[in-house]
Amino acid sequence: MNDFLKQWGEAAYTTTGFFWMALWAFVLGYIISSMIQIFVTEKRMQKTMGGAESKGVLLGTFFGFISSSCSFAALASTKSLFKKGASFISSIAFLLASTNLVIELGIIISIFLGWQFVVGEYAGGILLIGISWILIRLINPKKLIDKARKNLEKEDEGSGMDDSKDWKKQMQKEDSWAKVGKKYKMEWQMVWKDVTVGFTIAGIVAAFVPDAWFQTLFIGSGQGNTDFSFFEILEHIIVGPVAAFVTFIGSMGNIPLAALLFGKGVSFAGVMAFIFSDLVVFPILRINAKYYGWKMSLFILFLLFTSLIGTSLILHYSFDLMSLLPDPSQVQVQDSEYFKINYTFYLNLAFLIISGYLIYLGFFKKKDVDSKMGEMAPKSQLLENILKYAAFISYIWIAGGLAVKFLIQ
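Residues numbered from 1 in each chain as written. Predicted model: local features only at pLDDT ≥ 70, side-chain atom pairs only at ≥ 80, totals over all residues. Heavy atoms only, no water.

A.B. asks: Please provide a residue-by-residue account of helix H16 (residues 294-321), values included.
C.D. replies: End to end, H16 covers 40 Å across 28 residues, agreeing with the expected 40 Å (1.5 Å per residue, within 8%). Just downstream of H16 lies Ser323, where phi reads positive at about 55°. (Helix = DSSP H or I, 4+ residues; strand = E, 2+ residues; numbered from the N terminus. Expected span 1.5 Å × (residues − 1).)

A.B. asks: An account of the environment of Ile129 is requested, with residue identities and associated values reported.
C.D. replies: With respect to the helices, strands and loops of the structure, Ile129 is situated in helix H7 (residues 115-139). Judged by relative accessible area, which is 5%, Ile129 ranks as buried. Not counting chain neighbours up to four residues away, the residues in contact with Ile129 comprise Val57, Thr61, Ala93, Leu96, Ala97 and Leu101. (Buried < 20%, exposed > 50% of the residue type's maximum accessible area, 1.4 Å probe, protein only. Contact = heavy atoms within 4.5 Å.)

A.B. asks: Can you lay out a nonpolar patch on the surface for me, pointing to particular residues and giving the numbers?
C.D. replies: A contiguous nonpolar patch, built from Ile134, Leu138, Ile139 and Phe302 and spanning about 410 Å² of accessible area, is present on the exposed surface. The element that contributes the greatest number of residues to the nonpolar patch is H7, accounting for three residues. As for its position among the elements, Ile139 is in helix H7. Assessed through its relative accessible area of 39%, Ile139 is described here as partly exposed. (Patch = residues over 30% accessible without salt bridge, like charges linked within 9 Å, V, L, I, M, F, W, Y side chains within 5 Å. Areas by Shrake-Rupley, 256 points an atom, 1.4 Å probe, with all protein chains shown as cover. Salt bridge = Lys/Arg side-chain N within 4 Å of Asp/Glu carboxyl O.)

A.B. asks: Go over the side chain of Ser394 with me, naming the residues and quoting the values.
C.D. replies: Position of Ser394 among the secondary structure elements: in helix H18 (residues 381-408). If near-sequence neighbours (up to four positions away) are discounted, Ser394 is found in contact with Thr196, Val197 and Thr200.

A.B. asks: How would you summarise the pattern of salt bridges if you had to cite specific residues and measurements?
C.D. replies: Per the counting criterion, the structure on display carries two salt bridges. Glu10 is paired through a salt bridge with Lys405; the nearest N and O atoms lie 2.6 Å apart. Note that Glu10 is positioned in helix H1 (residues 2-39) and Lys405 in helix H18, a separation of 395 residues in sequence. Take Glu10: its relative accessible area is 33%, and that puts it in the partly exposed class.

A.B. asks: Which residues make up the confidence of the model for the chain, and what values do they have?
C.D. replies: Of the residues in the chain, 84% have a pLDDT of 70 or more, and the chain-wide mean is 81. Low pLDDT, under 50, characterises residues 156-164; the predicted model gives this stretch 13 contacts beyond four residues in sequence or across chains. (pLDDT = per-residue confidence, 0-100.)

A.B. asks: Talk me through the nonpolar core; I want residue IDs and the actual numbers.
C.D. replies: Across soluble globular proteins, you tend to see nonpolar side chains buried next to one another. With 98 residues, the main nonpolar core has Phe88, Phe112 and Leu113 as its most contacted residues. Of all the elements, H1 adds the most residues to this core, at 14 residues. Every residue in contact with Leu113, bar those within four places of it in the chain, is listed here: Ile255, Ala258, Ala259, Phe262, Ile275 and Val331. Counting six residues, the second largest nonpolar core, distinct from the first, contains Phe63, Ile66, Ala86 and Phe94. (Core = buried A, V, L, I, M, F, W, Y, C linked by side-chain atoms within 4.5 Å.)

Set out below in structure tokens:
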């Protein structure tokens, strides 16, 4: 019993420490994302992505890079862009970029995993788009694409945001920043459940799951082992998305768990595959089926999973060739002193003050300013309820664990 209580306390403390490490990065990322969504409208994107295929892919990649990292927001925006005339591949480029190339994800990865994984994330995002483009050109699913467009034509037209105003002038107005504050709150509303559950699972895994379990699940893994055979790497790449499928947590909430996987000896390729897997989980499959039909949804799943395997292999062997593969021993996500007075403390303090000001501006001083929330993909109410209650249980678990650690033991 004492061992369990000790592990419970460590799990809760690790979860809290993980979030403290990442807090300023979340705030910075979502402020940037909120600013871009207010000052760069979807209608502007639609006007520029309907031209030549290569130009559409480049623009889709760029617009994805500056968009929100929320998978459900990305799915809705992708559907809207495709419906309004963007090519299928440029829409896929937007979807992949908005879930892999976004600024806030890179910041979180740098905190937990280091610069090699940041480079891998951004290079991998581009590779995912490139491989998907090649596969679409080779397979040429014209009938599937036409049928998907017909499915979307049955939907009602949504009202787009006004894009006639100069964004530079808008940035000088307090009302515009009030809209940023409202959007910033909405960004947190979209991810709080995923982040809570994801960080809690990471803390539990760190405290309770023995290394032997990882060594069984990921063949050949173990502390200090970086010499993997091709088939071991391939197994890691396939098992990584399976682990992501089981947790179905968004990419931002999965990063601490990815760091734990790497620290336990999982290959660089396997961890990258795990991070890339947020678009090959069942909730995403179901939403794509609702938008485009099951055949297209399964084709997108095949497309993304195949691209994920190819990308992870290319990244692993490219980094190995350049002697850039990161050392698992350098990833220390468990720390006995998360809450030291250091740069993290001061950054968290500064960004909490900025958050408070944006919330005050958007919901108190300028509460009458209208700010339309971007379209969201239709989430499963059952899964949302499961996540919501899992998040509440997580808070009880964390509070109890912290009480055990600091008051009882």
